[in-house]
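Chain by chain, the residues run as shown.
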Amino acid sequence: MKRVKIILIIIFILFIRQGSLESRGILGDSLDRFWSGISGDKAKYEGYLAEIIDKEVYINLGEYNNIYEGDIFDLYRERRILKDPVTGLILGDIKVKIGEVEVAEVDKFHSSGNINYNSGKRARVGDKVEMRTGSRSIALVASKGQGINQRLFEELIDNLEYKIENNEIYSLISDLKVQKVKDELEFGENLRRHQLELLREELEVDFFLKIELSEGVNNLFLHGQFLGGKSLDLIGEDILTISKDEKLVQLYNNDPEEKSYSLLYKSDKLDYNGESFVIADLNNDQNKEIVLNTRDSIKILSYSNDDIIELDSINEYSLTPYDDYKLLAINDIEGEGDVVIFEFLNNLYQLRWDGEEYSIEFLEGFFRNRAKAMIQINSKDLLITRNNQNLLRFNQWQGDNYLEEFNLRVKSNEGFRVKAGDLKGKGQDNIVITSYDGNEDYKIKVYDLEGKLINTFPGAYAPIINLSDIRSGGEKEIFLVEYEEDSSKLVSWKWDGEDFIKVWESKKFEGKIKDIVVADITGDFRQELIFLLAGEEGSNFYIYEFKNK
């Protein structure tokens with residue numbers, strides 16, 4: 001049965017790859033016609049000089065051709081046709097650039113503007129004009145009907161973005177920038193005309209491609225509107241009908257393993273940037289607190305009624321250059337609530353609730369040791385620390401402090417971040433650690449408890465790891481973070497019986513994901529995926545829930 005399941009997974013992966021190519025092919029042809037029909041192809045924006053009066057020129061393109069004030073045309077003189085001397089095939093034409101024309105006034109069938117020369121040649125009637133490459137900026141805003149497969153929707157939008165990016169005229173505004181401005185304006189997915197006008201002002205964009213994907217009984221309908229001009233005029237409009245019998249549609253709709261994470265909550269922007277956080281029941285009242293390290297203080301926050309509020313702040317703490325900012329939550333040991341371990345001045349301390357206030361206690365024997373993770377071995381809860389001699393120490397609580405049970409040596413560039421758990425569902429724990437590669441990126445490696453290397457994940461990652469059986473399958477899922485310039489995204493890997501495979505990746509978020517925690521923050525007895533995203537002006541908490549579709 002397991003072999004059949006593995007084969008089906010492989011076949012599904014192959015279909016995914018084939019489907020992605022097919023969407024650029026068969027379905028891609030339909031999208032080509034759809035895009036060209038509502039926006040116009042490059043030939044539509046090529047014309048000729050019809051008249052010259054001093055520096056003012058008139059070209060034979062106007063409102064009818066969707067020309068607008070501010071459009072810039074390059075002005076050329078065509079010399080002669082270039083032919084292949086052997087085959088006689090036309091290879092193109094030889095042309096010389098004379099200058100450029102910026103449109104100042106637009107009539108129905110012509111437009112006019114001033115010419116700026118950049119050569120010694122003067123313009124003539126009949127010289128050719130071509131709209132400048134990338135001279136028009138465009139933003140894509142898309143929405144879908146309820147129940148439509150999210151991955152299919154993303155595939156269609158990705159393909160449309162591909163069409164735009166490969167068009168010589170338009171410069172596509174990044175979806176991250178569009179989403180950031182929408183979030184700042186508190187706009188949803190379905191935008192009305194006045195919202196688009198406000199969005200255009202903030203983005204300083206020339207055109208919008210507004211897309212809506214809806215569903216009928218036998219078909220999907222992709223409705224596109226191309227909007228531009230001073231009043232966001234409707235320039236082009238079309239509806240692409242996609243049969244549900246299309247292979248790509250069937251591929252996504254019939255995926256029995258389709259699962260997704262959906263956004264449950266996004267906090268307002270915090271006035272401070274956080275570095276690390278944990279979820280802990282400090283007060284032992286069955287309500288979880290968020291403990292956040294901001295470098296300047298430790299904040300104790302509460303999530304309740306779709307809001308995050310600050311309960312307390314420990315301002316005597318301040319991260320020094322010698323300390324790690326990582327926090328570690330320890331489950332209730334003595335029946336008095338959870339504790340949070342942190343580093344300060346090369347020593348470890350624990351934060352706990354003493355019944356009246358939050359107190360800080362010194363942990364002896366951990367100078368120049370950093371708290372990394374908790375692991376349960378033979379029913380023992382062990383605190384993993386890493387010292388300056390490249391040893392992972394496994395320590396058990398002995399009444400009033402932790403004492404070392406055993407240790408594991410790692411390489412000097414390994415162990416900045418450590419997690420431990422049963423990755424294969426066989427009751428055997430593994431260690432997942434970071435390995436610094438010298439380029440501000442990290443490799444992620446898996447070891448057994450005897451120090452044998454089990455796996456190295458492909459690619460480079462941020463030094464952030466979380467393990468959780470959020471899917472309730474028995475094996476821990478490995479959550480990692482990929483950074484890309486000013487954005488980041490979550491990815492997760494899981495053991496499939498023979499190898500680790502990537503099972504999920506999030507959209508890109510503008511900013512840096514700083515930490516990930518999987519915990520039941522909502523009190524519904526189900527785990528949620530929580531992460532902290534830091535930007536230029538503060539941080540946001542995101543809470544996602546996992547759903548089987």
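Residues numbered from 1 in each chain as written. Predicted model: local features only at pLDDT ≥ 70, side-chain atom pairs only at ≥ 80, totals over all residues. Heavy atoms only, no water.

It is worth spelling out the pattern of salt bridges at this point. Applying the stated criterion to the full structure yields 32 salt bridges. Among the salt bridges present, the one from Lys-266 reaches Asp-183, with a minimum N-O distance of 3.1 Å. Taken together, the residues Lys-266 in strand β12 (residues 259-266) and Asp-183 in helix α4 (residues 175-184) connect sequence positions 83 residues apart. With relative accessibility at 32%, the residue Asp-183 sits in the partly exposed group. Across the pair Arg-352 and Glu-361 runs a salt bridge whose closest N-O atoms are separated by 3.3 Å. The exposure class assigned to Arg-352 is buried, which follows from its relative accessible area of 12%. For Glu-361, a relative accessible area of 31% translates into the label partly exposed. The network of salt bridges with common partners includes Glu-46, Lys-95, Lys-128 and Glu-130. (Salt bridge = Lys/Arg side-chain N within 4 Å of Asp/Glu carboxyl O. Helix = DSSP H or I, 4+ residues; strand = E, 2+ residues; numbered from the N terminus. Buried < 20%, exposed > 50% of the residue type's maximum accessible area, 1.4 Å probe, protein only.)

On the surface, Glu-184, Glu-197, Glu-201, Glu-202, Glu-204, Glu-485, Asp-486, Glu-510, Glu-536 and Glu-537 cluster together into a negatively charged patch. Broken down by element, the residue count for the negative patch peaks at three residues, all from helix α5 (residues 193-203). Inspection of the secondary structure puts Glu-204 in the loop between α5 and β9 (207-215). Relative accessible area serves as the criterion here: at 67%, Glu-204 is assigned to the exposed category. (Patch = residues over 30% accessible without salt bridge, like charges linked within 9 Å, V, L, I, M, F, W, Y side chains within 5 Å. Areas by Shrake-Rupley, 256 points an atom, 1.4 Å probe, with all protein chains shown as cover. Lys, Arg positive; Asp, Glu negative; His and termini not counted. Charge placed at Lys NZ, Arg CZ, Asp CG, Glu CD.)

Bringing the pairing of strand β18 (residues 339-344) into the picture now. Counting buried residues in β18 gives five out of six residues, a clear majority hidden from the surface. Bridge count between strand β17 (residues 328-330) and β18: three bridges; the pairing is antiparallel. Along β18, the bridge assignment pairs Ile-330 with Val-339. Bridge count for β18 against strand β19 (residues 347-353) is five bridges, and the pairing is antiparallel. Bridge pairing in β19 links Glu-343 to Leu-348. Counted between consecutive antiparallel strands, the loop separating β18 from β19 contains two residues, among which Leu-345 sits at a positive phi close to 55°. (Pairing = 2+ DSSP bridges.)

Attention now moves to the sheet that holds strand β16 (residues 308-314). Strands sit in the order β13-β14-β15-β16 across an open sheet of four strands; the sheet is antiparallel. Of all strands in the sheet, those with a lone pairing partner are β13 (276-280) and β16, marking the two edges. Sheet twist, expressed as the average angle between the axes of neighbouring strands with direction ignored, equals 25°. Note: β13 against strand β14 (residues 289-293), five bridges, orientation antiparallel. Bridging across to β14, Ser-276 finds its partner in Asn-293. (Axes fitted to C-alpha atoms, helices over the stretch in contact; angles between N-to-C directions.)

A word on the packing of α4 against α5. Contact pair α4 / α5: the axes reach a minimum separation of 10 Å and the direction vectors enclose 120°. In terms of orientation, α4 and α5 fall into the oblique class. In terms of crossing hand, the pair formed by α4 and α5 is right-handed. Seen from α4, the contacting residues are Lys-177, Val-178, Val-181 and Lys-182; seen from α5, they are Leu-199, Glu-202 and Leu-203. Among the residues forming the contact of α4 with α5, the class breakdown is four nonpolar, no polar and three charged. (Parallel < 35°, antiparallel > 145°, perpendicular 65-115°, else oblique. Left-handed = near helix turned anticlockwise from the far one by under 90°. Contact = heavy atoms within 4.5 Å. Nonpolar A, V, L, I, M, F, W, Y, C, P; charged D, E, K, R; others polar.)

Looking now at the layout of surface pockets. In this model, the second largest pocket occupies a volume close to 950 Å³. Lining the second largest pocket are 38 residues, with Ala-329, Asn-331, Met-374, Leu-467 and Val-518 sitting closest to its centre. Residue assignment for the lining of the second largest pocket shows that the elements contributing at least two residues are β13, β17, β21 (369-377), β25 (414-421), β29 (465-468) and β34 (512-519). Per-element accounting of the lining of the second largest pocket gives the leading share, five residues, to β34. Grouping the constituent residues of the lining of the second largest pocket by class yields 19 nonpolar, six polar and 13 charged. (1 Å grid on protein atoms, 1.4 Å probe; cavity = no way out; pocket = protein on both sides within 12 Å on 5 of 7 lines; lining within 4 Å. Points joined across faces, edges and corners; volume = space filled by probe spheres on them.)

Let us look at α5. The α-helix advances 3.6 residues per turn, and as a result positions three or four apart in sequence lie on the same side. Of the residues making up α5, those classed as buried are Gln-195, Leu-196, Leu-199, Arg-200 and Leu-203. Along the axis of α5, the buried positions cluster into a sector of 140°, meaning they face one direction only. Elements in contact with the buried residues of α5: β7 (136-144), α4, β9 and β10 (219-228). Following α5 by one or two positions, Glu-204 adopts a phi angle in the positive range, close to 55°. (Arc of directions from axis to C-beta.)

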